[in-house]
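Secondary and tertiary structure notes
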Amino acid sequence: MENNTMKAAEKLLEVKDLKVSFYTPVGEVKAVDGISYDLKEHEVMGIVGESGSGKSVEAYSIIGLLQSPGKVIGGSIVFDGENVLEYDEEKMRQFRGNKVSMIFQNPMTCLNPVYTVGNQLMEALTCHNREIGRKEAWDRAVEMLKLVGINNAEKRMAQYPHEFSGGMRQRAMIAMALICSPKLLIADEPTTALDVTIQAQILELMKDIQKKTGMAIIFITHNLGVVAEICDRVSVMYAGQIVEQGSVQDIFYSPAHPYTRGLLRSMPRVDELEHERLIPIEGTPVDLLNPPAGCAFGPRCENCMKICLAHRPPLLDVGEDRHVSACWLHVKEMKEAQQE
Amino acid sequence: MSEMKKLLEVEHLRKYFPIKSGFFKKEYVQAVEDVSFFIYEGETLGIVGESGCGKTTLGRSILRLVEPSSGRVIYDGETIFDGEKKSQPAMLPYRTNMQIVFQDPSASLDPRMTVGEIVGEALMVHRPDLKGKAYRERINELLETVGLNSEHANRFPHEFSGGQQQRIGIARALAVEPEFIVCDEPISALDVSIQSQVVNMLEDLQAEKHLTYLFIAHDISVVRHVSNRIGVMYLGQMVEMAESYELCSRPMHPYTQSLLSAVPLPDPDKTRAKKRTILEGDVPSPLHPPTGCRFHTRCPRATEKCAQYAPEWKEYAPGHFAACHCLDEGN
């Protein structure tokens, strides 16, 4: 950790044209349909999208937790120079937890109810490093609990998950994820099940830990407020594709894709001064079993053109700092600019 | 404001749920504790609070879907619940005036009934005069009001998306032409892009049919958007209530202040510059609520007095109610 904080940020993760499909009895569902992005060290990337946009599936395939009938059918995931998709089971086990770990939405379903929290924390550590003794593992676990702001850590070690409150459980989950000092943490809606005041605590904690350890985070959420709070870069997903990606500033202050613009416009804000009518995105979310032919957002888009319904738009650079967006409008604008 | 008619008045409402703890011993979860407020006709009163603060129980006990433990509920001048009396008036005639929209649309629609049957069920009870064609027409009309169409009447709930299911739930509530609707987290189960559709629809319906809403939600940004006035609940008690702009710009109660400061804004510069009062710890159990002010265990401004005496519910500015000792001492 310490030795690479000084180095210039390097590419930690490179996802190229990743495709994940679910083969269900009623047909193939393309949950992730050709997405590419890269993540630098120490970067916090937010992935936003509605339910069913493929944001969780994408993250599960990085860490090799994709469940049947889901299957990676194309592309590559390169982490630190190695293609994760080529790992065998044993290598994957070493990779998972050691280099990349994950925290989930509902901590109660991820903690084992019949083991003490301390036991589970120590297990995570000893699994990956067999040389660590019991005493040392215990000390490290206590240290981790203290790091995530759990008081009476020694006493808490002997307690079971049900004795923890929701916020405390999420803290314990974070401690467990970080105990092997991973380089990348994938957080799948870590605050969605929590109340706002607890959410604020957890976000503060994650920001703090990120600063201390310098790990990269992929933060999956549907809450744009949380993204604005914690992320450096944002990917906006719709129907298994990345429709826009850029720095947090670009996404919030100069969104390029109609879907991103629509999302930002449709949110009520607590700091609004007078009552303004919300501008919703019309229509219903895509049915991934029968996705539209061209741009997936086409049928709901207010700027929809003929070409949008027939062909999928390419991901184009629309600004500096790797700001990309997939929309035929950009192609049209470019052509117009060239003509002039 | 003073000329406006109070449609619903709630006085010292309490709801305790008994739970068994040991042999012969009973304990009570104090879900709603001494809540008093009123709703003007035609307005939207928002109720916000964290999970377990009793906001849903409050909504349900007003409609007597759960029987309150004590207190009084007065609807349109008629007492529909009085804890001091032994027998309570029958609710059936009031059900045509008061309806509810539930949180989880997939759980609140019977999977074995068609949409037409779901929406029409209340009509069969309350409008037995509607038969045959008139009955079907009324159902189609209701479906059209919520943005669905008559073909949908023969389908089953699972064939619809979450947003559409919630529309069905709203159509069902509207079937008996109510004046007052309790919206219990109507949009929290929906996707972000669909939430605003439903919010706009609720607003349109309110303007068109002159409805009064009690809008319960945990998301203060949504409540701020739809409500005329907002009440903030903590651990079964109302801690503050005011006109919504007033409440969000000049919150008095320390809990409201920290709740507002905890909301992340979809604006990176603003949200990162925001001063936060992050509350320590978790919400205590409503089984053994703290003595005195229930918020004192997490309150950044708590004093000894707060631990001993419960603060009074007072009007500190016109229309701005709160219950906090800090406000009394003039600081």
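Attention here is on the structure that accompanies the text. (Residues numbered from 1 in each chain as written. Chains lettered and ligands numbered in written order. Predicted model: local features only at pLDDT ≥ 70, side-chain atom pairs only at ≥ 80, totals over all residues.)

Per the secondary structure count, chain A includes 14 helices and 12 strands. Scaling as 2.2 N^0.38, a compact globule of 340 residues should have a C-alpha radius of gyration of about 20 Å, and chain A matches this with 21 Å. Seen along its three principal axes, the alpha-carbon backbone of chain A occupies a region of about 70 × 50 × 45 Å. Buried positions account for 46% of the 340 residues belonging to chain A. (Helix = DSSP H or I, 4+ residues; strand = E, 2+ residues; numbered from the N terminus. Rg over C-alpha atoms; globule rule 2.2 N^0.38 Å. Buried ≥ 20, exposed ≤ 12 C-beta atoms within 10 Å, placed from the backbone.)

Moving on, we get to the interface of chain A and chain B. In this assembly, 37 residues from chain A lie in contact with 35 residues from chain B. At 7 residues, the largest contribution of residues to the side of chain A that touches chain B is made by helix α9 (residues 196-213) of chain A. Split by residue class, the side of chain A that touches chain B holds 17 nonpolar, 12 polar and 8 charged. (Contact = placed C-beta atoms within 7 Å. Nonpolar A, V, L, I, M, F, W, Y, C, P; charged D, E, K, R; others polar.)

Right, let's talk about the sheet that holds strand β2 (residues 27-40) of chain A for a bit. All names here are of chain A. Here we have 4 strands laid out as an open sheet, ordered β2-β1-β4-β5, and antiparallel in their pairing. Edge strands, defined here as strands with exactly one partner in the open sheet, are β2 and β5 (82-83). Here 8 bridges tie strand β1 (residues 11-24) to strand β4 (residues 70-79), and the two strands are oriented antiparallel to one another. When the sheet's bridge partners are listed, serine 21 is paired in β4 with lysine 71. (Pairing = 2+ DSSP bridges.)

A word on the nonpolar core. All names here are of chain A. Counting residues in each nonpolar core, the largest one holds 186 residues, and the members touching the most others are Ile186 and Ile218. When residues in this core are grouped by element, the largest group, 7 residues, is from helix α8 (residues 166-178). Contact partners of isoleucine 186, with chain neighbours within four places excluded, come to Ala59, Ile62, Ile63, Val100, Met102 and Ile218. (Core = buried A, V, L, I, M, F, W, Y, C linked by C-beta atoms within 7 Å.)

Moving on: the sheet that holds strand β4 (residues 70-75) of chain B. Residues and elements named next belong to chain B. If you walk across this open sheet you meet the 4 strands as β2-β1-β4-β5, and the pairing is antiparallel. Sheet topology places β2 (26-40) and β5 (78-82) at the edges, where each strand pairs with a single neighbour. Strand-to-strand twist of the sheet, defined as the mean angle between neighbouring strand axes without regard to direction, takes the value 20°. Note: strand β1 (residues 6-20) against β2, 11 bridges, orientation antiparallel. Bridging across to β2, leucine 13 finds its partner in valine 35. Sheet contacts for helix α1 (residues 55-62): β1, β2 and β4; angle to β2, the most-contacted strand, approximately 70°. (Axes fitted to C-alpha atoms, helices over the stretch in contact; angles between N-to-C directions.)

It is worth spelling out the packing of α8(A) against α9(A) at this point. Residue and element names in this part refer to chain A. Close contact between α8 and α9 brings their axes to 10 Å; oriented N to C, the two are set at 20°. Here α9 runs roughly parallel to α8, going by the angle between their axes. Note that α8 runs across α9; the crossing there is right-handed. Residues Gly166, Gly167, Gln170, Arg171 and Leu178 of α8 pack against Ile198, Gln201, Ile202, Leu205 and Ile209 of α9. Here the residues of the contact of α8 with α9 are counted per class, giving 5 nonpolar, 4 polar and 1 charged. (Parallel < 35°, antiparallel > 145°, perpendicular 65-115°, else oblique. Left-handed = near helix turned anticlockwise from the far one by under 90°.)

Attention now goes to the environment of A:Glu58. All names here are of chain A. The topology assignment puts glutamate 58 in helix α2 (residues 55-62). Spatially, the C-alpha atom of glutamate 58 lies 8.2 Å from that of alanine 31, the residues being 27 residues apart in sequence. What glutamate 58 contacts, discounting residues up to four positions off in sequence, is Leu18, Val32 and Ile35.

Right, let's talk about unusual backbone geometry for a bit. In this structure, the amide linkage connecting A:Ser68 to the following residue, A:Pro69, adopts the cis form with an omega of 5°. With respect to the element layout, A:Pro69 can be found in the loop between α2 and β4. In this structure, A:Arg322 is a non-glycine residue whose phi angle is positive, near 50°. The topology assignment puts A:Arg322 in the loop between β11 (315-319) and β12 (323-326). Here B:His12, not a glycine, exhibits a phi torsion of approximately 45°, which is positive.

All names here are of chain A. Close contact between helix α5 (residues 117-128) and α8 brings their axes to 8 Å; oriented N to C, the two are set at 20°. With respect to their mutual orientation, α5 and α8 come out roughly parallel. Considering only the axes of α5 and α8, their crossing is right-handed. Across from Val117, Gln120, Leu121 and Ala124 in α5, the residues of α8 making contact are Ala172, Ala175 and Met176. Its residues assigned to classes, the contact of α5 with α8 shows 6 nonpolar, 1 polar and no charged.

All names here are of chain B. Burial runs high along α1: 8 of the 8 residues are buried. When α1 is considered as a whole, its buried residues turn out to be Lys55, Thr56, Thr57, Leu58, Gly59, Arg60, Ser61 and Ile62. Looking one or two residues beyond α1, the residue adopting positive phi is arginine 64, at roughly 55°.

That's the geometry; what it means functionally is another story.
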